[in-house]
Amino acid sequence: MTTDAHPLSDPLAQARADGIERTSASVLLTDPTGRVLLLRRAPGTLQAGLWELPGGGTEPGEDLVAAALRELDEEAGIARVRVTASLGHEDYTNARGARTRAFVIAAHLDHPQGARLSPEHDDHLWVLPADLPEPIATHEAELIRRHTAPPPRLPGHRPLPAYLPTIPAAPMWGSVFFTTQDGRAVLLRATDPAKGLQWAGGDVEFTDPSPLHTAVRECFEETGILLPPDPDRLPLLATVFEQPGGGWPAKVGFAFHGGELSAAQVAGIRLDPAEHTEVVLLTRDELAARTDPRRAQLTLAVLDAVRTGVPAYVVR
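Residues numbered from 1 in each chain as written. Predicted model: local features only at pLDDT ≥ 70, side-chain atom pairs only at ≥ 80, totals over all residues. Heavy atoms only, no water.

Draft legend 1. Just the overall build of the chain, in detail. Within the chain, the regular secondary structure consists of eight helices and 16 strands. Sorting the 316 residues of the chain into buried and exposed places 47% on the buried side. Excluding contacts between residues fewer than 6 apart, the proportion of contacts in the chain whose partners are at least 24 apart in sequence is 66%. Accessible surface, the chain: about 16100 Å² in total, of which carbon and sulfur atoms supply 54%. (Helix = DSSP H or I, 4+ residues; strand = E, 2+ residues; numbered from the N terminus. Buried < 20%, exposed > 50% of the residue type's maximum accessible area, 1.4 Å probe, protein only. Contact = heavy atoms within 4.5 Å. Areas by Shrake-Rupley, 256 points an atom, 1.4 Å probe, with all protein chains shown as cover.)

Draft legend 2. Looking closely at the pairing of strand 7 (residues 99–108). Summarising burial for strand 7: nine of the ten residues are buried, a large majority. Across nine bridges, the pairing between strand 2 (residues 22–30) and strand 7 is parallel. Counterpart to Ser-24 in the pairing with strand 7 is Ala-102. From the end of strand 6 (residues 82–93) to the start of strand 7, which pair antiparallel, there are five residues, and Gly-97 there has a positive phi angle of about 85 degrees. (Pairing = 2+ DSSP bridges.)

Draft legend 3. Focus on the environment of Thr-277. By the element assignment, Thr-277 lies in strand 15 (residues 276–282). Along the sequence, Thr-277 and Thr-191 sit 86 residues apart, while their C-alpha atoms lie 5.7 Å from each other. Other than its neighbours up to four places away in sequence, Thr-277 contacts Arg-189, Thr-191 and Leu-271.

Draft legend 4. Region of the structure containing the nonpolar core. Counting 22 residues, the largest nonpolar core has Phe-177, Leu-187, Trp-199 and Leu-287 as the members making the most contacts within it. When contributions to this core are tallied by element, the ones reaching two or more residues are strand 9 (172–180), strand 10 (185–190), strand 13 (236–242), strand 15, helix 8 (293–308) and strand 16 (312–315). Here the element with the most residues in this core is helix 8; it accounts for seven residues. In this structure Phe-177 touches Ala-185, Trp-199, Leu-237, Phe-256, His-257, Gly-258, Gly-259, Thr-299, Val-302, Leu-303 and Val-306, once residues within four positions along its chain are discounted. Ala-25, Leu-37, Ala-107 and Leu-109 belong to the second-largest nonpolar core, a separate cluster that totals 20 residues. (Core = buried A, V, L, I, M, F, W, Y, C linked by side-chain atoms within 4.5 Å.)

Draft legend 5. Looking closely at the confidence of the model for the chain. Residues of the chain with pLDDT of at least 70 account for 89%, and the chain-wide mean is 86. Every residue in residues 1–9 scores below 50 in pLDDT, and together they form 15 contacts with partners more than four places removed in sequence or on other chains. (pLDDT = per-residue confidence, 0-100.)

Now the structure itself:
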């Protein structure tokens, strides 16, 4: 049985409570191009010739992450990585008849490097998920493909496995929504035509203390408007739950009200040309007529929240 639930506070203690006799920890390690590290078992070892993720048995007193990183260092000579997520576990009965629970963590390597192999392995590969070698255990191949994604189609964008480690394991975003003094929505036209009209905002990064701080940071980067991360001055307008799709897990977003902008303030918006090409001001009717229903639904809900003072909850 494989589970992708959030890790327990002490998953190894839970394994013991479940009657598990042996535990192991492996690492799904990606590099900046989205490749995964695999090791090949050496002749004379159990399952010689099999490609596998770096990993092995846990030791007494170790926590799960420490065990996984120790195995990565011992088997591949790689120590400086960033752990990004727990990928769940698989329960099975090993060759000696012991009930075993195999945990997997995800980690990212910022700079590509080779491996220094232990005697257990005789070769290594950095390989894209679409090009996994044979033989490889079916459950590991499925896990790799489930938790990675192919490179995007747009040139210049980082592959999703390389981008995801730069944001929290549970993706969130924060944004600032402005209106004009006559009630029109202030929108930014994305440089990427597929993204259409947007608000100033972006994904929460590890260095952001909260989605409000993300919204303030992104607003300044994308418009040049500097705001304080003060919830009294930037009240919550909407909480948005985005269902999984396009390689993304579920995301949660928060929209904060930046207030009304005067004509001079709108004219003074400084766009980042890598992100947006123009400022677009739309009334409710113009919004519904000019944008696709999915984007219009969200902005209309936020306009209602501005009018009523009641934060919106949007599922899309």
